[in-house]
Amino acid sequence: MRAVAALAIGGWLLAACGGGGGSPDGGTITVPPAQLCVRDDCATRTVLATIPDAENILFATDGRLFVSGGTNVYEIRRNGSDYSATPLFDGSANFTGLAIRAGTLYANSFDGQLYAAALSAAPQLAPIHDLGLAAPNGLVDGPDGELYLVNGPLATNALPDPKIVRVRLNPADPLEVIEQVDWYTGTLLGPNGLQRQDRRLYVSNTGLGGLGEIQAVDIAADGSAVGAGTVARFDHIPDDFSLAGDHFLVSWFADGQVALLGPDGAERQSTGLQGLSFPSQVRVGRPPLFAPDEILVTEKGLIGDNDSAIGNVLSVLRPNR
């Protein structure tokens, strides 16, 4: 494992391929956030499945689980105590953000395409729209049937162009994009993950000096963006995060940690330094696959390395019962 200092310097660059996703439940959980265990002394980490360059986690409202990675998007299924990962794309692409709306799964990819698939028993992703972006990343469904996505934090083949983009879809055809606009830039420098609760978007961002933060942006009644300020600041480089009620579960990529932040943005709990292999997303579990107090983590590992034992897995933190 690299030294902490080296990770702090290089983490922002490594986070360039980090992704985000939206939860159809808007952060609804059945366990009070204070009762979650996000510490090594009360939870045990278990590897569930191999996911090359593991990236993002998204539950459908019925509990189906989808995970994106550097080569594909997978549906996670359980057979007894074992879990399997079924690829949903006939090919290979570097997938990042995930979202669900209108019975359709959407996925961003660093090839610049927006992919989609009907949520059938066996979804098959296919590209539906060229976004014209070099780093399409965090993705979330909007309150009015639209999608929002982050471009950032860094592209592999272009200059940074940090912003939130809005994509509108044909109400009669969820596979047809009818509009794409640059929706918000604000003070974003290195945006990454994107989540929504009601008409408020939250975006993780790397700011000046490499400091991390979560910003809030409101969706006005007319669809315009209204900057609502910063809700959390921390001395860590964030990748993606999720909402747990009025709390935030965040992944600190370079430090190998995940943490629980309160509504005020203050840290409540965190796992040990370098205990995880470059975590990229963290989300509370849902039945029937998981208990509601279990916490899922994608451990990305080294960017672009799809084969080693450093990361490339989906893990779960289970409370010691």
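Before reading further, recall that the structure is shown in the block above.
Residues numbered from 1 in each chain as written. Predicted model: local features only at pLDDT ≥ 70, side-chain atom pairs only at ≥ 80, totals over all residues. Heavy atoms only, no water.

## A look at the environment of Val140
Here is the rule: Numbered from the N terminus, helices here are DSSP runs of H or I no shorter than four residues, and strands are runs of E no shorter than two. Remark: exposure states derive from per-residue accessible area (1.4 Å probe, protein chains only) relative to the maximum for the residue type, with buried under 20%, exposed over 50%, and partly exposed in between.
Following the sequence through the fold, Val140 ends up in strand 10 (residues 136–141). Using a relative accessible area of 0% as the deciding quantity, one classes Val140 as buried. Along the sequence, Val140 and Val150 sit ten residues apart, while their C-alpha atoms lie 9.2 Å from each other.

## Focus: the pairing of strand 14 (residues 190–197)
Side chains on a regular strand alternate between the two faces of the sheet. The line we're drawing: Between any two strands, pairing holds if DSSP finds at least two bridges.
The buried fraction of strand 14 is high, at seven of eight residues. As judged from the six bridges shared by strand 14 and strand 15 (residues 200–206), these two strands associate in the antiparallel manner. Considered in strand 15, the bridge of Gly190 is made with Thr206. Counted between consecutive antiparallel strands, the loop separating strand 14 from strand 15 contains two residues, among which Asp198 sits at a positive phi close to 60°.

## Structural notes on the nonpolar core
Defined as follows: Buried Ala, Val, Leu, Ile, Met, Phe, Trp, Tyr and Cys residues form a nonpolar core when they are joined through side-chain atoms within 4.5 Å. The contact criterion used is simple: two residues touch if any of their non-hydrogen atoms lie within 4.5 Å.
Leu249 and Val258 are the most contacted members of the largest nonpolar core, which totals 16 residues. The set of elements that each furnish at least two residues to this core consists of strand 20 (257–261), strand 22 (279–284) and strand 23 (295–299). Apart from residues no more than four positions distant in its own chain, Val258 is found in contact with Val38, Val250, Ser251, Ser270, Thr271, Leu276, Pro279, Val282, Val297 and Leu317.

## Some thoughts on the state of the cysteines
The following threshold applies: Put simply, a disulfide is two cysteine sulfurs that come within 2.5 Å.
As enumerated under the stated definition, the model contains one disulfide in all. The disulfide partner of Cys37 is Cys42, and the S-S distance across this bridge is 1.8 Å. With the S-S bond torsion at 95°, the cross-link from Cys37 to Cys42 turns out right-handed. Taken as a pair, Cys37 and Cys42 share a single burial class, namely buried.

## Things to note about the pattern of salt bridges
Quick reminder of the rule: Basic side-chain nitrogens of Lys or Arg form a salt bridge, by our definition, when they fall within 4 Å of a carboxyl oxygen of Asp or Glu.
Across all of its chains, the model carries 16 salt bridges by this definition. Two residues, Arg199 and Asp144, come together in a salt bridge whose shortest N-O distance is 3.1 Å. A residue pair is termed long-range when its members are at least 10 positions apart, and Arg199 in the loop between strand 14 and strand 15 and Asp144 in the loop between strand 10 and strand 11 (147–151) qualify at 55 residues. Taking the relative accessible area as the measure of exposure, Arg199 reaches 29% and is therefore partly exposed. Classification of Asp144 as partly exposed rests on a relative accessible area of 48%. Here Asp293 makes a salt bridge to Arg321, at a shortest N to O gap of 2.8 Å. Note that Asp293 is positioned in the loop between strand 22 and strand 23 and Arg321 in the segment after strand 24 (313–319), a separation of 28 residues in sequence. Judged by relative accessible area, Asp293 falls into the buried class, the value being 16%.

## Overview of the sheet that holds strand 13 (residues 173–184)
What counts here: Between N-to-C directions, angles span 0 to 180 degrees; the directions come from axes that are lines fitted to C-alpha atoms, helices contributing only their stretch in contact.
Taken together, four strands build an open sheet; the order of strands is 10-11-12-13 and the sheet is antiparallel. Each edge of the open sheet carries a strand with a single partner, namely strand 10 and strand 13. Here the strands of the sheet are splayed against their neighbours by 25° on average, with no regard to which way each runs. Relative to strand 11, strand 10 runs antiparallel, the two being bridged by four bridges. Paired with Asp141 across the two strands is Leu147, which belongs to strand 11.

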